[in-house]
Amino acid sequence: MDKEQLKKLAKDPKFISGIYNYCDRWCERCAFTSKCMNYALSEDEVNDPRTQDITNKAFWDKLHEIFQVTFEMLKESADEMGIDLNAIDDKEIQKQEKKVHEIVENQLYTKAAFSYAKMVDDWFKSNNDLIETRAEEMLSFAQAQIPGTRPDKDALKIQDCLEVVRWYQHQIYVKLCRAASGMIRGELENNEYSPQDANGSAKVALIGIERSLAAWGEMLNQFPEQENSILDLLVKLKRLLRQVETAFPNARAFIRPGFDTAVSKRKMTRPRHRKTK
Ligand code: SF4
């Protein structure tokens, strides 16, 4: 896809502008695929399996094409804004980026998110056998058709929890790093946009934390014998939630295009219940 095709696609009114900037990238579970330009673009690529294979030349050609188009568009925007990209001091930027990176890594909440991701890996390493045994157990229950048991329901619940935990495990850290760097850049560069954007990323991290909390809560129901290790994870996540709320007090109020605008519309149209006497 070239620059002009991309611009034409971006003007399509069916897409919600910027919706993909503050989502969790879980397209398989997203209700907005038909309104997301990013999804439309990725679908275009998925249709050609060669571009999904890192060992295939087509993958690298595609990546090159994306970089090329992105750079052309960046240059065009810079020209419109009167910015000469060649005049930018690379060394100064690298110095600043290093400084931002160091500050980001030293935030309590980024450290905690990193440590949570590692705890999850450790938990799965220690409990791999447990999950496999439970899967076999459920299969036996299902085959035996024991009255009063719903192994299929429990199996689906566990599968969902595992998927949720794994999906957000590293994303929480990544989103928090992005949020932290946005806040820091806002201060260093005195720009208004970065802190706004940072709140959006922090909100996505908060949502990931809350969904992970719910998933671990259900895991506790399913694996009560793992109470101690699961409670450790729950406590870690709860603390992280508080830390993020404290560091980004405006994150929850951030309106994510599509997700929050659609929710507020639903709320407005929700029917009122008459009060009972
Ligand atoms: S908005 Fe939805 S469809 Fe688009 S990238 Fe995010 S998760 Fe995927």
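Look a little higher up for the structure.
We now turn to the structure provided with this report.

Calculation notes
Position labels on residues start from 1 in each chain and follow its written sequence. Reporting of local features is limited, given that this is a predicted model, to residues whose pLDDT is at least 70; pairs of side-chain atoms are given and counted only at 80 or more, and all residues count toward the totals for whole chains, interfaces and linings. No hydrogens and no water enter the side-chain calculation; it runs on all heavy atoms of the structure. Only residues whose relative accessible area exceeds 30% and that form no salt bridge are eligible for patches; like-charged ones are grouped when within 9 Å, while nonpolar side chains (Val, Leu, Ile, Met, Phe, Trp, Tyr) are grouped when within 5 Å. For every accessible area listed, the method is Shrake-Rupley and the probe measures 1.4 Å; residues are considered covered only by the protein chains on display. The rule for a salt bridge is simple: a side-chain nitrogen of Lys or Arg has to be within 4 Å of a carboxyl oxygen of Asp or Glu. Exposure is judged per residue with a 1.4 Å probe applied to protein chains only, and the accessible area is read against the type maximum: over 50% gives exposed, under 20% gives buried, and values in between give partly exposed. Each helix is a run of H or I in the DSSP string that is no shorter than four residues. Each strand is a run of E no shorter than two, and both are numbered from the N terminus. For each residue, the test is whether any non-hydrogen atom lies within 4 Å of the molecule or strand; if one does, the residue is near. In this count, Pro and Cys sit with the nonpolar residues alongside Ala, Val, Leu, Ile, Met, Phe, Trp and Tyr, while Asp, Glu, Lys and Arg are called charged and the others, Gly among them, polar. With axes taken as lines fitted to C-alpha atoms, and helix axes fitted only over the stretch in contact, angles between N-to-C directions fall between 0 and 180 degrees. Between 65 and 115 degrees an angle is taken as roughly perpendicular, under 35 as roughly parallel, over 145 as roughly antiparallel, and anywhere else as oblique. A contact between two residues is defined here by any heavy atoms of the two lying within 4.5 Å.

This next bit is on a nonpolar patch on the surface. A surface patch of nonpolar side chains, amounting to about 360 Å² of accessible area, comprises Met81, Ile83, Ile88 and Ile93. You can call Ile88 partly exposed: its relative accessible area is 34%.

Quick look at the pattern of salt bridges now. Tallied over the full model, the rule gives 18 salt bridges. A salt bridge links Lys62 to Glu65, with the nearest nitrogen and oxygen atoms 3.7 Å apart. You can see Lys62 and its partner Glu65 sitting in helix α3 (residues 57-80), three residues apart, about one turn around the helix. Looking at Lys62, the relative accessible area reads 17%, which means it is buried. Here Glu225 and Arg134 are joined by a salt bridge, their closest N and O atoms 3.5 Å apart. Taken together, the positions of Glu225 in the loop between α7 (193-222) and α8 (227-247) and Arg134 in helix α5 (residues 108-144) put the pair 91 residues apart, joining distant regions of the chain. You can call Glu225 partly exposed: its relative accessible area is 46%.

This next bit is on the site of the ligand. Cys23, Arg25, Trp26, Cys27, Cys30, Thr33, Cys36, Asn38, Tyr39 and Phe259 make up every residue found near the ligand. Class assignment for the residues of the shell around the ligand results in seven nonpolar, two polar and one charged.

Close contact between helix α1 (residues 3-10) and α3 brings their axes to 10 Å; oriented N to C, the two are set at 75°. One way to sum up the angle between α1 and α3 is to call them roughly perpendicular. Here α1 contributes Lys3, Leu6 and Lys7 to the contact with α3, which in turn contributes Val69, Glu72, Met73 and Glu76. Across the contact of α1 with α3, the residue classes break down as three nonpolar, no polar and four charged.

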